[in-house]
Amino acid sequence: MKKLTTIFALASVLTMGTANAFFINPMNAMQDVSDEMREAVIEVTGDKPEEIIAGVLLEGGSVMPQEVTKELFMEMVQVTEVEEGITGPEVDESIKSMATNESILHVASFPLSEQITNVTGKPYRHLTIHNICDAATAGKIADVDDRYAVILPCRIAVVEGKDGKIRMISMNSDVMNLMNLPKEAYDPAKEVADKMDAILEGAKEGSF
């Protein structure tokens, strides 16, 4: 436990060095933090960083400073810009169509912005949550550790930002490398991740 605390304390210092870059390009800054964190783990322990970080994630946040927890979360998501002129509802329909094309089940979509409007009585910017799942793969992931079920099914949020731009937000598929899945779970999970990437690529262009 002391070793892990040392790693994340070092990572926290490294993170502070990217603070200015974060405001210029947050996704690139997070990648820099990720690379530096890996190097820090190797330097301190000589072990595989994916296995160590995965172990800390499973332990919970008790050994991680607040700053590192936030940075790790930022690394776990990716933002896909939607092309200009394509509306939120059009992206919603594109995601459903692309899921069919990729032979993966579109379980449901939750028009959260409509619910917010109904509850508050005030119009809200577009916000829809899509759930996409391959049940057999989900079962294999849950069998590795029940706590992994919290990320199931795969989700894509279609969000109209405060700047008026439409974006899709989803889990970064690189997170699978941190989960240290056995081959029998990793291989089908990678296939699902590839399908999710195809859905995102198509939906950002409004493809059907």
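Please refer to the structure placed before this passage.
Residues numbered from 1 in each chain as written. Predicted model: local features only at pLDDT ≥ 70, side-chain atom pairs only at ≥ 80, totals over all residues. Heavy atoms only, no water.

Some details on the overall build of the chain
This is how the line gets drawn: Runs of E in the DSSP output that reach at least two residues are strands. Runs of H or I that reach at least four are helices, and both are numbered from the N terminus. Contacts are residue-level and defined by heavy atoms, with any inter-residue pair within 4.5 Å sufficient. Surface exposure here means Shrake-Rupley accessible area, sampled with a 1.4 Å probe, where a residue is shielded only by the protein chains that are shown.
A count of helices and strands for the chain gives 10 helices and 5 strands. Partitioning the intrachain contacts of the chain with sequence separation of at least 6 by distance along the chain shows that 69% fall at a separation of at least 24. Carbon and sulfur atoms provide 55% of the accessible area of the chain, an area that totals close to 11,600 Å².

Here's the deal with the sheet that holds strand 1 (residues 77-81)
Heads up, the rule is: Strand pairing requires that DSSP identify at least two bridges connecting the strands. To define axes, lines are fitted to C-alpha atoms, for helices over the stretch in contact only, and angles between the resulting N-to-C directions are given on a 0 to 180 degree scale.
With respect to topology, 5 strands assemble into an open sheet ordered 1-5-4-3-2, the strand pairing being antiparallel. Whereas interior strands pair on both sides, the edge strands pair on one side only; in this sheet they are strand 1 and strand 2 (105-110). The mean inter-strand angle of the sheet, taken between neighbouring strand axes irrespective of direction, is 20 degrees. When strand 2 meets strand 3 (residues 127-133), the two strands line up antiparallel, connected through 5 bridges. Considered in strand 3, the bridge of serine 109 is made with histidine 130. Running at roughly 20 degrees to strand 4 (residues 154-160), helix 10 (residues 183-203) makes contact with strand 1, strand 3, strand 4 and strand 5 (166-171) of the sheet.

Section: the packing of helix 6 (residues 88-101) against helix 10
Quick note on the threshold: Orientation categories follow fixed angle ranges, with anything under 35 degrees roughly parallel, anything over 145 roughly antiparallel, 65 to 115 roughly perpendicular, and all other angles oblique. When the near helix sits turned anticlockwise from the far one by under a right angle, the crossing is termed left-handed; a clockwise turn instead gives a right-handed crossing.
Between helix 6 and helix 10, the least distance of the axes is 9 Å, while the angle of their chain directions is 140 degrees. Here helix 10 runs oblique to helix 6, going by the angle between their axes. As helix 6 packs across helix 10, the resulting crossing turns out to be right-handed. For the pair helix 6 and helix 10, contact is made by Val91, Ser94, Ile95, Met98 and Ala99 and by Ala198, Ile199, Gly202 and Ala203, respectively.

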